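# Coordinate inspection notes
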Amino acid sequence: MQNFIFISPNFPELYYKFVKSLKNVGFRVLGIGDAPWDELPPSLKEDLTEYYCVYGNMEDIERVAEAVRFFENKYGHIDYLESNNEYWLEHDAILRERFNITTGLYPKDMEHIKFKSKMKECFLNAGAKVAKFHLVDNYENCKKFIEEVNYPVFVKPDNGVGADLSFRINNDDELKDFIDKYASTTQFIMEQFIKGSLISFDGICDDEGNVLVAFNEHFPTPVDLVVNNDLDDYYYASLAMPKDFYELGVKVVKAFAIKKRCFHIEFFRLDEDIEGLGKKGDVFGLECNMRPPGGDTSDLLSIALDDSFYDAYAHVMMFNTLKNPIKQKTYLSISVARKDHFSYVHTHEEILAKYQPYIVEFGRYKKSIALAMGDSYYFARFVNEEVKTAIEFAKFIQEKIS
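Here we summarise the structure given alongside this text. (Residues numbered from 1 in each chain as written. Predicted model: local features only at pLDDT ≥ 70, side-chain atom pairs only at ≥ 80, totals over all residues. Heavy atoms only, no water.)

### Things to note about the overall build of the protein
Looking only at helices and strands, one finds 15 helices and 17 strands in the protein. Over its C-alpha atoms the protein spans a radius of gyration of 22 Å, differing by no more than 12% from the 21 Å that the globule rule assigns to 402 residues. The dimensions of the protein, computed from C-alpha atoms along their principal axes, are 60 × 55 × 40 Å. Within the protein, buried positions represent 55% of all 402 residues. Separation between the mean location of the 47 positive side-chain charges and that of the 65 negative ones in the protein comes to 3 Å. (Helix = DSSP H or I, 4+ residues; strand = E, 2+ residues; numbered from the N terminus. Rg over C-alpha atoms; globule rule 2.2 N^0.38 Å. Buried < 20%, exposed > 50% of the residue type's maximum accessible area, 1.4 Å probe, protein only. Lys, Arg positive; Asp, Glu negative; His and termini not counted. Charge placed at Lys NZ, Arg CZ, Asp CG, Glu CD.)

Listed below in structure tokens is the structure:
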């Protein structure tokens, strides 16, 4: 039996579904986390063969290594070690190399996976366009870069997770304020601002980097604006996408040289012609995340696929192929969120009365992701051609009392 160590299997909470699918396909799944056993969800307890609690601090990689060594001594060689979590990717790589686990990324692979400035090399190698950038150092050099690309510019940590410490800078005063407050805290990357729509290429690849299943996600409101401007969020996913975008996504996955893993790769599509940059509709590589998309999006992908995304992942890990052929009929799935501190025109009961045939699930987000996602959510399913209807669904739910 193959041994699969799942790092932090209880966070995000829905990751118990990955564990269940891995167990069902034949893996012995071993968990390492910092939550006490008694705090784990019942389903997760049932599906883990054993769990090792690293009390207090998962950041201490030596303590996590002790847990891996314990499992290795008890169950034999570890075949897989994954967290599927951006935060732990570098730790995962170190542990794989230390314990000769050859089914994933090693530290030597991390530079172009974690640093946004290095990601651009892979995008370019795949034939994708990228925005001009500058690694933030001092005010004078940043100002020279801005003279080349003009305001606004966008800054974020070169090695960062999510939308933390991400800013749009519009003028010299804001630039000075940013430099004074943040430039010395971490390495930031400053990018030419692209006015466009955020889209992503998500899926799972095999051990040669061949894309086995791919989704096109659309984010009408980027997550940094949801967080920083206190906006409502909605986004949608579908297996249907333009042929040229699919072909580009496949090339980008190959350029990043990943194998047997989930990926979430972000792009901007220009909304209008921009002199010196590109034409309306041009696609620019933004950044990659070599794990499933965040929040509860894996559930949304299952709805679009009309099959379990978790089962697909587990089957690729075990057999290097999908469990089931992709169905001829797939769907557009949409997530629409609301925030508790806003007053909305339509009640929950009115939403159900109007859209019940389309709604797959509704509920509350955990506090840990509510800032980025919202407090409550609705997942719905439409046929791929009903993009307009899906967006009307989102606007109906998020219409506010003025």
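Structure shown, so let's carry the discussion forward.
### Considering the packing of helix α7 (residues 139-149) against helix α8 (residues 172-182)
It is the contact of α7 with α8, at a shortest axis distance of 11 Å, that shows an interaxial angle of 140°. Relative to α8, α7 is oriented oblique. Like other packed secondary-structure pairs, α7 and α8 cross with a definite hand, here right-handed. When α7 is examined against α8, the residues Tyr139, Cys142, Lys143 and Ile146 are found in contact with a partner set consisting of Asp172, Leu175, Lys176 and Ile179. Taken together, the residues that form the contact of α7 with α8 break down as five nonpolar, no polar and three charged. (Axes fitted to C-alpha atoms, helices over the stretch in contact; angles between N-to-C directions. Parallel < 35°, antiparallel > 145°, perpendicular 65-115°, else oblique. Left-handed = near helix turned anticlockwise from the far one by under 90°. Contact = heavy atoms within 4.5 Å. Nonpolar A, V, L, I, M, F, W, Y, C, P; charged D, E, K, R; others polar.)

### Brief notes about the sheet that holds strand β9 (residues 188-192)
Sheet architecture is open: four strands sit in the order β6-β9-β7-β8, paired in antiparallel fashion. Sheet topology places β6 (133-135) and β8 (167-169) at the edges, where each strand pairs with a single neighbour. Averaged over all neighbouring strand pairs, the angle between strand axes comes to 25°, with direction disregarded. Pairing of strand β7 (residues 153-157) with β9, which is carried by five bridges, proceeds in the antiparallel orientation. (Pairing = 2+ DSSP bridges.)

### Here we look at the pattern of salt bridges
A side chain of one charge can pair with a side chain of the opposite charge when the charged atoms of the two come close. In the structure shown here, the tally under the stated rule is 28 salt bridges. Where glutamate 82 meets arginine 96, a salt bridge forms, and the shortest distance between an N and an O atom there is 3.1 Å. On the criterion of sequence distance, the pair formed by glutamate 82 in strand β4 (residues 80-82) and arginine 96 in helix α4 (residues 89-98) is long-range, its members being 14 residues apart. For the pair glutamate 82 and arginine 96, one class covers both residues: buried. Salt bridges sharing partners connect three or more residues here, namely Lys120, Lys156, Glu191 and Glu287. (Salt bridge = Lys/Arg side-chain N within 4 Å of Asp/Glu carboxyl O.)

### Focus on helix α1 (residues 16-24)
Among the residues making up α1, those that are buried are Phe18, Val19, Ser21 and Leu22. Along the long axis of α1, the arc covered by the buried residues comes to 165°, so they all point the same way. One or two positions beyond α1, positive phi appears at glycine 26, with a value near 120°. (Arc of directions from axis to C-beta.)

### Structural notes on the nonpolar core
Counting 35 residues, the largest nonpolar core has Leu22 and Phe27 as the members making the most contacts within it. When contributions to this core are tallied by element, the ones reaching two or more residues are β1 (3-7), α1, β3 (50-53), β11 (211-219), α11 (297-305) and α12 (309-319). Setting aside residues up to four positions removed in sequence, leucine 22 forms contacts with Phe4, Phe6, Phe27, Val29, Tyr313, Ala314 and Met317. Grouped together as the second largest cluster of nonpolar side chains are 29 residues, Leu105, Met119, Ile258 and Met290 included. (Core = buried A, V, L, I, M, F, W, Y, C linked by side-chain atoms within 4.5 Å.)

### Some details on the pairing of β1
The buried fraction of β1 is high, at five of five residues. Of the two faces of β1, the one carrying Asn3, Ile5 and Ile7 and the one carrying Phe4 and Phe6 are both buried. Where β1 meets strand β2 (residues 28-33), five bridges bridge the pair, whose relative direction is parallel. Directly across from phenylalanine 4, in β2, lies its bridge partner valine 29. Regarding the hand of the β-α-β motif, the stretch spanning β1, α1 and β2 is right-handed. Here β1 runs beside β4; their pairing, made up of three bridges, is parallel. Bridging from a neighbouring strand, phenylalanine 6 pairs with glutamate 82 of β4. (Right-handed = clockwise from strand over helix to strand, strands pointing away.)

### Quick word on the sheet that holds β2
With parallel pairing, the four strands of this open sheet are ordered in space as β3-β2-β1-β4. Only two strands of the sheet have a single partner each, and these edge strands are β3 and β4. If you compare each strand with its neighbour and ignore which way they point, the axes differ by 20° on average. Where α4 meets the sheet, its contacts fall on β1 and β4, and the angle it forms with β4 comes to roughly 160°.

### Some words on the side chain of glutamate 82
Here glutamate 82 falls in the buried class, since its relative accessible area comes to 1%. A polar atom in the side chain of glutamate 82 sits 3.1 Å from the side chain of arginine 96. Among the polar contacts made by the side chain of glutamate 82, one reaches the side chain of arginine 261 at a distance of 3.2 Å. Those residues in contact with glutamate 82, other than ones at most four positions away along the chain, are Phe4, Ile5, Phe6, Ile7, Asp92, Arg96, Thr103, Arg261 and Tyr313. (Polar contact = N/O pair within 3.5 Å; in protein donor to acceptor, adjacent residues only side chain to side chain.)

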